[in-house]
Amino acid sequence: MDYSQFGAMVPELIILGIFLVIFLFDTFGGDSCKKLLSPLTVVLFTLATVAIWVVPSCNEMVFGGMYVNSTACNAIKCILNVGVLVVLLQSMKWADSDEGFIRKGEFYELLMVTLFGMYLMISSRHFLLFIIGLESASLPMAALIAYNKKRHESAEAAVKYILTAVFSSGILLMGLSFVYAFSGGSLYFSDIAASVNTYVAGTEGATQFNGLLVVALAFVIAGLGFKLSLVPFHLWTADVYQGAPTAITSYLSVVSKGAAAFAFFVIFVQCFGAAYPEAWEWMMYGLIILTITVGNLFAIRQKNMKRFMAFSSISQAGYLMLGVMAADSLGLASMLFYIFVYVVSNLGAFGVISSIENKTGKVGMDDYNGLQKTNPWLAFIMTLAMFSLAGIPPFAGFFSKFLIFTSVTGTGSVALYILVLVALINTIVSLYYYLLVVKAMWISPEEPVIERYQSALSERAALWLCTAGIVFFGLVPYIYQYCVNAVGDADGFLAQFMRLPLN
């Protein structure tokens with residue numbers, strides 16, 4: 001075995017290095033050392049994020065083509081790292097509290113393991129490696145959800161998550177067994193793509209289709225739909241978001257979803273791109289419309305802020321999948337930018353929720369009545385986050401939605417125009433329930449429930465980062481150009497399977 005191939009796995013090796021440092025520091029350090037564990041983790045992860053961002057990717061396949069290191073993969077890993085860094089800052093006060101202090105080493109270690117698994121999902125070009133990454137990301141997540149062992153809501157959420165995760169993994173593996181049979185005994189993405197091309201083209205140029213492939217696609221979509229909370233695979237989401245610690249909920253809502261969305265794009269465009277109009281295009285139409293609509297309608301009814309954000313994230317997953325429907329380089333670039341904006345917007349909202357919960361224990365929407373009278377800074381940030389998630393200009397969320405809509409309509413399909421129209425109508429619905437939070441904070445005549453207080457320094461730093469992202473990501477073109485350049489440099493690994501070139 002050529003061990004030099006591990007040199008292509010720089011991001012994964014960095015994350016494993018941080019994990020080992022945290023593990024040794026937590027295991028052999030005393031209580032005095034544990035007090036330094038949170039700032040140490042933040043500093044190490046900040047340096048790792050900068051290193052992954054700065055060090056150029058070499059665009060190569062290693063381990064027989066099972067793992068790929070490309071600029072597109074590196075870009076999504078950098079985006080996820082930004083989200084994890086914000087989560088680490090938001091969770092410092094909670095991790096150092098009496099409730100989390102004794103186990104905060106486990107919190108950081110499990111966080112690194114799940115991120116490592118997501119990295120493998122992103123870079124895998126073989127379904128065996130993909131499943132290893134998927135389970136490495138999913139199983140530690142169940143332990144994180146059950147982190148508050150003395151709270152039955154946390155344990156209940158963990159049980160629901162692990163049971164649903166196991167069931168969805170079984171469905172995915174069943175689908176992959178069909179894919180394995182269909183492709184003639186291979187799990188390489190390139191071999192599967194070649195088999196799909198053969199069946200779709202037919203021996204004499206006539207369009208033929210294999211029923212086994214349709215069933216396999218349905219099972220794979222169902223298995224991956226769980227990670228993305230696509231309807232009807234979303235039933236676990238609200239209960240898990242409510243029961244898990246808020247720091248874990250914020251991590252689950254953005255980082256896990258971003259990795260799954262990128263992996264979904266790669267698998268369906270690279271493996272099954274030739275079957276797009278014959279099979280999975282119509283499956284995805286139904287899933288996207290259901291996901292956006294059901295997420296919006298159920299969000300209107302929520303009074304718990306974490307459940308409210310759960311259904312909001314379900315709806316946002318539907319918008320993310322519009323990039324998959326574009327199935328081209330512009331769609332991938334728009335998806336990367338959407339994930340980036342979604343990270344700062346959603347974590348901005350969760351930062352306010354986490355800060356208030358850590359101080360007062362309140363998570364109800366009615367508790368936010370009159371918040372601007374006692375905590376105008378928190379009310380202002382929450383308002384920016386709601387406006388961005390709703391897609392109101394000039395905030396970053398408007399530009400992310402505009403770009404992802406543009407990428408879909410650029411394909412010229414009438415059906416996709418109708419799909420975008422449905423998404424636009426749902427955007428108006430989402431504006432209504434996002435403004436319910438704004439109304440409670442700024443217009444409600446009731447006296448404030450939450451008293452004036454000052455957030456921890458780490459919480460304020462995380463909120464400042466999110467605020468800067470919400471305000472400037474839409475106005476400064478560098479971030480979107482970075483996504484476009486990352487996708488444009490990935491010709492040998494992604495763009496060759498896409499339907500349209502990147503202009």
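In this text the structure is predicted, and so the values were computed from the model without any measurement.

### A few points about the pattern of salt bridges
Then, number 1: In this structure the tally under the stated criterion is 4 salt bridges.
Then, number 2: With its nearest N and O atoms 2.9 Å apart, the salt bridge here joins K160 to D239. Residue K160 is found in helix α7 (residues 152-182), and its partner D239 is found in helix α10 (residues 237-243); the two are separated by 79 residues along the sequence.
Then, number 3: For K160, a relative accessible area of 27% translates into the label partly exposed.
Then, number 4: Several salt bridges converge on common partners, so that one network encompasses E156, K160, D239 and R307.

### Concerning the side chain of T41
Then, number 1: Mapped onto the fold, T41 is located in helix α3 (residues 37-54).
Then, number 2: Judged by relative accessible area, which is 0%, T41 ranks as buried.
Then, number 3: Reaching out from T41, the side chain makes a polar contact with the backbone oxygen of L37 at a distance of 2.8 Å.
Then, number 4: Each residue touching T41, except ones within four places of it in the same chain, is listed here: I22, L88 and Y108.

### What about unusual backbone geometry?
Phi is mostly negative for residues that are not glycine, and the peptide bonds are mostly trans.
Then, number 1: Here the amide bond leading from V231 into P232 is cis, since omega sits at 10°, within 30 degrees of zero.
Then, number 2: Structurally, the position occupied by P232 is in the loop between α9 (211-228) and α10.
Then, number 3: Geometrically, the link from P393 to P394 is a cis peptide bond, its omega value of 5° lying close to zero.
Then, number 4: With respect to the element layout, P394 can be found in the loop between α16 (376-390) and α17 (396-409).
Then, number 5: The backbone of S229 sits at a positive phi, close to 60°, despite the residue not being glycine.
Then, number 6: Of note, S229 is situated in the loop between α9 and α10.
Then, number 7: We classify S229 as buried; its relative accessible area is 1%.

### A word on the environment of V159
Then, number 1: With respect to the secondary-structure elements, V159 resides in helix α7.
Then, number 2: The class for V159 is partly exposed, based on a relative accessible area of 46%.
Then, number 3: Note: C-alpha distance between V159 and A310 (151 residues apart in sequence) is 18 Å.

### Let's talk about α16
Then, number 1: The end-to-end C-alpha distance of α16 is 21 Å, a good match for the 21 Å that 15 residues give at a rise of 1.5 Å each.
Then, number 2: With 11 of 15 residues buried, α16 lies mostly within the body of the structure.
Then, number 3: Of all the positions in α16, only L378, A379, I381, M382, T383, L384, A385, M386, S388, L389 and A390 are classed as buried.
Then, number 4: Looking at the buried side of α16, the elements it contacts are α13 (305-326), α14 (329-360), α15 (371-374), α17, α18 (414-442) and α19 (457-472).
Then, number 5: Looking one or two residues past α16, G391 carries a phi angle of roughly 85°, positive in sign.

### A short note on the packing of aromatic side chains
Then, number 1: For the structure shown, the criterion picks out 29 aromatic pairs.
Then, number 2: With a centroid separation of 5.2 Å and 85° between ring planes, the pair formed by W94 and F107 is classed as edge-to-face. Of this pair, W94 sits in helix α4 (residues 71-95) while F107 sits in helix α5 (residues 104-123), and the two are 13 residues apart along the sequence. Note on accessibility: W94 and F107 belong to one class, buried.
Then, number 3: Geometrically, the ring pair formed by Y161 and F226 is tilted, given 5.8 Å between the ring centres and 45° between the ring planes. Here F226 lies in helix α9 and Y161 lies in helix α7, a separation of 65 residues in the sequence.
Then, number 4: Judged by relative accessible area, F226 falls into the buried class, the value being 3%.
Then, number 5: By way of ring pairs, the aromatic residues W53, F340, F473, Y478 and Y482 are connected into one cluster.

Definitions and limits used
- Residues numbered from 1 in each chain as written.
- Predicted model: local features only at pLDDT ≥ 70, side-chain atom pairs only at ≥ 80, totals over all residues.
- Heavy atoms only, no water.
- Salt bridge = Lys/Arg side-chain N within 4 Å of Asp/Glu carboxyl O.
- Helix = DSSP H or I, 4+ residues; strand = E, 2+ residues; numbered from the N terminus.
- Buried < 20%, exposed > 50% of the residue type's maximum accessible area, 1.4 Å probe, protein only.
- Polar contact = N/O pair within 3.5 Å; in protein donor to acceptor, adjacent residues only side chain to side chain.
- Contact = heavy atoms within 4.5 Å.
- Expected span 1.5 Å × (residues − 1).
- Phe/Tyr/Trp six-rings, centres within 6.5 Å; stacked < 30°, edge-to-face > 60°.

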